[in-house]
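Breakdown of the fold
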Amino acid sequence: VADHLVDARAQRLGEAAVTERRRVRAVIEQVLVADAVQLVRGDPGRHAATDLGQRLGGDAGGHPDPLDRALVERVRAAYDQAASGEVFRGDLPFFIADGTERLADVTILPIKDEAGRVLFIAPTGVDITERKRAESDRQKFVTLIESSTDFIGICDMNGVPFYINRAGLSLV
């Protein structure tokens, strides 16, 4: 009986460790361009925006080119919003090491003390580039089918139609 209890406990601990590893991995995968947690002192957006400007390339001094300044300002405004106590959520572009632009669903949370003062802000993001690309491709496909003058229909595996485009409906 004692051996059985020890084996059961070991199995639960192993499962807990796997679950914890998955949670940690999910958190790590969601962290975006911002460096962990930004402290709220002075201009909370300055640090992130300056860092982002350097990551965007720009000149040798790390100053972003004019096209990137708009993005830096968007990031600064998002950090300012969070620093004022409001959650920011939006889609923002970011760049990976090879310079490729990607898109992230970004959330910036203000972390407050008991009195409601913002202590720091915690940015997280999820890369949604592939999802947005798939949504765009799907919309192009739907537009093509809907605007086609040819009959286009879709049936289930039993041959029962469940979609007919406008051109097909005009034939009925």
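It should be noted that the structure appears before, not after, this text.
First, a word on what this report is: a plain description of the structure on this page. Here the structure is a predicted model, which means the values were calculated and not measured.

With respect to the pairing of strand β3 (residues 101-112)
In the sheet, strand β2 (residues 88-95) pairs with β3 via 8 bridges, with the strands oriented antiparallel. In the sheet register, Arg89 faces β3, and the bridge partner there is Thr107. A loop of 5 residues connects β2 with β3, the two strands running antiparallel in sequence, and Gly99 in this loop sits at a positive phi of about 95 degrees. As paired elements, β3 and strand β4 (residues 118-127) share 9 bridges and run antiparallel to each other.

Section: the pattern of salt bridges
Two side chains carrying opposite charge are able to pair once their charged atoms lie near each other. Taken as a whole, this structure holds 10 salt bridges when the rule is applied. Look at the salt bridges and you will find they share partners, linking Asp91, Arg131, Lys132 and Glu135 into a network.

Regarding the environment of Asn165
Mapped onto the secondary structure, Asn165 falls in the loop between β6 (161-164) and α5 (166-171). Between the alpha carbons of Asn165 and Ser148 there is a distance of 8.1 Å; along the sequence they are 17 residues apart. If near-sequence neighbours (up to four positions away) are discounted, Asn165 is found in contact with Ile145, Ser148, Asp150, Phe151 and Ile152.

So, how was this worked out
Residues numbered from 1 in each chain as written. Predicted model: local features only at pLDDT ≥ 70, side-chain atom pairs only at ≥ 80, totals over all residues. Heavy atoms only, no water. Pairing = 2+ DSSP bridges. Helix = DSSP H or I, 4+ residues; strand = E, 2+ residues; numbered from the N terminus. Salt bridge = Lys/Arg side-chain N within 4 Å of Asp/Glu carboxyl O. Contact = heavy atoms within 4.5 Å.

This is a description of form; function is not addressed.
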